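Spelled out from the first residue to the last, the chains are:
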Amino acid sequence: MLKTNEFIERLNKLDFKDMYNNDFFLTWEKSRDELEAVFTVADALRDFRENNVSTKIFDSGLGISLFRDNSTRTRFSFASACNLLGLEVQDLDEGKSQVAHGETVRETANMVSFMADVIGIRDDMYIGKGNAYMHEFMSAVQEGHKDGILDHVPTLVNLQCDIDHPTQAMADMLHVIHEFGGVENLKGKKIAMTWAYSPSYGKPLSVPQGIVGLFTRMGMDVVLAHPEGYDIMGEVEEVAKKNAAESGGSFTKTNSMEEAFKDADIVYPKSWAPFAAMEKRTELYGNGDMDGVNQLEKELLAQNAQHKDWACTEEMMKLTKDGKALYMHCLPADITGVSCKEGEVDASVFDRYRIPLYKEASFKPYIIAAMILLAKCENPQETLKALADASKVRKMD
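Every residue gets a number counted from 1 within its own chain, in the order that chain's sequence is written. Owing to the predicted nature of the model, reporting of local features is limited to residues with pLDDT of at least 70; listing and counting of side-chain atom pairs is limited to 80 or more, with chain, interface and lining totals taken over all residues. To obtain the side-chain values, all non-hydrogen atoms of the structure were used and water was disregarded.

Here, strands pair whenever DSSP counts at least two bridges between them. Numbered from the N terminus, helices here are DSSP runs of H or I no shorter than four residues, and strands are runs of E no shorter than two. On the basis of which strands lie adjacent, the open sheet formed by 4 strands has the order β2-β1-β3-β4 and parallel pairing. Of all the strands in the sheet, just β2 (88-91) and β4 (155-161) have a single pairing partner and so form its edges. Within the sheet, the average angular offset between the axes of one strand and its neighbour, ignoring direction, is 20°. Two strands pair when backbone bridges link them, and strand β1 (residues 62-67) and strand β3 (residues 116-123) are joined in this way by 6 bridges, in the parallel orientation. Residue pairing for β3: G63 is matched across the bridge by V118. Contacts between residues were defined by any pair of non-hydrogen atoms, one from each residue, lying within 4.5 Å. In this description, a line fitted to the C-alpha atoms serves as the axis of each element, helices being fitted only across the stretch in contact, and the angle between N-to-C directions of two axes falls anywhere from 0 to 180 degrees. Packed on one face of the sheet, helix α5 (residues 130-146) meets β1, β3 and β4 and runs near 165° to β4.

Right under this line is the structure:
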């Protein structure tokens with residue numbers, strides 16, 4: 001039985017009109033109502049899918065994906081989201097395009113957007129570059145529309161940049177909302193966003209930044225833990241402090257993983273590279289200094305190796321609330337004895353939470369689809385009602 005009316009009633013209480021014909025860059029640029037609208041539409045779309053009802057709001061059109069970093073979950077989540085709404089997906093492989101021959105961002109943006117309804121971009125490896133590239137891309141699209149080149153403006157969905165990973169953080173939050181029985185039950189819950197050891201270097205900052213930037217919106221007690229020197233962007237910490245003050249939650253920092261885990265309701269142990277090192281890495285790549293890049297990698301791997309005790313072990317989990325905190329990860333995790341000799345999490349811990357982890361990941365296609373629908377439908381309530389009234393069977397049994 002569809003619960004569409006319930007979701008429509010929720011949307012009727014929210015103000016999200018500014019999402020129409022707009023992009024999704026960072027979660028903290030959206031209001032609390034707009035975030036809740038995304039969660040609500042995501043749940044509605046999942047309800048349709050689970051009841052075998054078609055949610056195709058497009059008869060044709062393209063979703064363009066541009067991944068400048070490797071991806072499994074986000075790549076397939078974007079493709080799934082577009083398909084769920086009736087769009088086909090075309091991947092823009094810069095190595096096979098004229099970008100390799102010096103084509104400008106302005107030209108690329110216009111050439112791929114003729115019949116595109118949404119553009120999904122992942123550009124997360126270089127500090128000061130990824131989010132800026134997305135804005136440059138969309139400015140070119142807006143200019144193309146103004147000049148009469150494009151008859152419409154596609155929507156951008158940030159599939160991960162150097163600052164935030166909004167689709168991941170939103171999927172994580174929706175998972176938490178379901179695990180704790182509603183967003184109203186999150187106030188006062190403690191989440192430990194902690195660094196964890198990895199035998200690799202250069203992992204983006206956008207996941208921990210996305211988590212502290214979003215979870216502080218819900219009145220939660222967010223603790224950021226990392227060894228000295230593994231700081232995230234200062235501007236994101238300021239966002240987290242402001243969010244916590246407004247929501248009645250808290251944002252604190254510690255250099256002790258044990259302190260962060262103590263009495264935590266949720267733990268999110270995840271490796272990332274120090275902000276200062278990522279800035280240096282960006283500069284080295286920009287200067288074409290590959291010897292410098294290789295030397296930096298050696299230094300960072302040696303630095304990581306000094307903190308192998310920063311791992312989500314069975315003993316560490318016993319420190320959490322009743323020893324049963326919800327373990328979360330964006331995946332893939334570095335699992336000790338499985339994917340590496342020593343890593344972020346014990347195999348026994350990961351295996352115990354494997355099913356919830358996969359469920360966590362399953363929310364991302366619906367989050368992305370909700371972002372698209374809210375940007376493309378002026379009245380999402382009417383759109384959802386029309387889909388429910390039609391109840392077109394998605395597949396024949």
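Right, picking up where we left off after that structure.
Now for the packing of helix α6 (residues 166-179) against helix α15 (residues 364-376). Across the interface, α6 lies against α15 with an axial gap of 9 Å and an inter-helix angle of 115°. α15 is crossed by α6, and the crossing has right-handed handedness. On the side of α6, the interface is formed by P166, T167, Q168, M170, A171 and L174, while α15 contributes K364, I367, I368 and M371. Across the contact of α6 with α15, the residue classes tally to 7 nonpolar, 2 polar and 1 charged. It is the rotation of the near helix from the far one that decides the hand of a crossing: anticlockwise by less than a right angle makes it left-handed, clockwise makes it right-handed. Each residue receives one of three labels: charged for Asp, Glu, Lys and Arg, nonpolar for Ala, Val, Leu, Ile, Met, Phe, Trp, Tyr, Cys and Pro, and polar for the others, Gly being one of them.

What follows covers the sheet that holds strand β5 (residues 190-194). The strand order β7-β6-β5-β8-β9 describes an open sheet built from 5 strands, whose pairing is parallel. Both outer strands of the open sheet, β7 (250-254) and β9 (326-327), are each paired with one neighbouring strand and no more. Looking at chain direction, strand β8 (residues 266-269) and β9 are connected through 2 bridges and run parallel. From the neighbouring strand, V267 faces β9, where its bridge partner is Y327. Running at roughly 140° to β7, helix α8 (residues 234-247) makes contact with β6 (221-225) and β7 of the sheet.

Following the sequence through the fold, T216 ends up in the loop between α7 (206-215) and β6. Only 2.6 Å separates the side chain of T216 from the backbone oxygen of V212, close enough to count as a polar contact. When sequence neighbours within four positions are dropped, the list of residues in contact with T216 reads I211, V222, A240, N243, A244, S247, S250 and F251. Identification of polar contacts relies on pairs of N or O atoms within 3.5 Å, with a donor-acceptor requirement for protein atoms, meaning one able to donate a hydrogen and the other able to accept it, and with residues adjacent in sequence counted only if both atoms are side-chain atoms.

Pairs were defined over the aromatic rings of Phe, Tyr and Trp, the Trp ring being its six-membered one, requiring ring centres within 6.5 Å. Orientation was assigned from the angle between planes: stacked under 30 degrees, edge-to-face over 60, tilted for the rest. Considering all chains together, one arrives at 5 aromatic pairs under this definition. Look at W195 and W310: their rings are 6.3 Å apart centre to centre, the planes differ by 70°, and that puts the pair in the edge-to-face class. Of this pair, W195 sits in the loop between β5 and α7 while W310 sits in the loop between α11 (290-305) and α12 (314-317); the two residues are 115 residues apart in sequence, bridging distant segments of the chain. Burial status follows relative accessibility: with a 1.4 Å probe on protein chains alone, a residue under 20% of its type maximum counts as buried, one over 50% as exposed, and anything between as partly exposed. In this structure W195 comes out as buried when scored by relative accessible area, which is 0%. We classify W310 as buried; its relative accessible area is 6%. Here Y327 and Y353 contribute two aromatic rings whose centre-to-centre distance is 5.9 Å and whose plane-to-plane angle is 55°, an arrangement assigned as tilted. With Y327 in strand β9 and Y353 in the loop between α13 (347-352) and α14 (354-362), this pair connects stretches of sequence that are 26 residues apart. Relative accessible area serves as the criterion here: at 0%, Y327 is assigned to the buried category. The class for Y353 is buried, based on a relative accessible area of 11%. Every member of this aromatic cluster is reached through a ring pair, and the members are W195, Y230 and W310. In this scheme, Lys NZ or Arg CZ marks a charge over a ring once it lies within 6 Å of the ring centre and within 35 degrees of the ring normal. When the ring centre of F363 is taken as origin, the NZ or CZ atom of R46, which lies over that ring, is 4.8 Å away. A cation over an aromatic ring shows up here: R68 above the ring of Y133, its NZ or CZ 3.8 Å from the ring centre.

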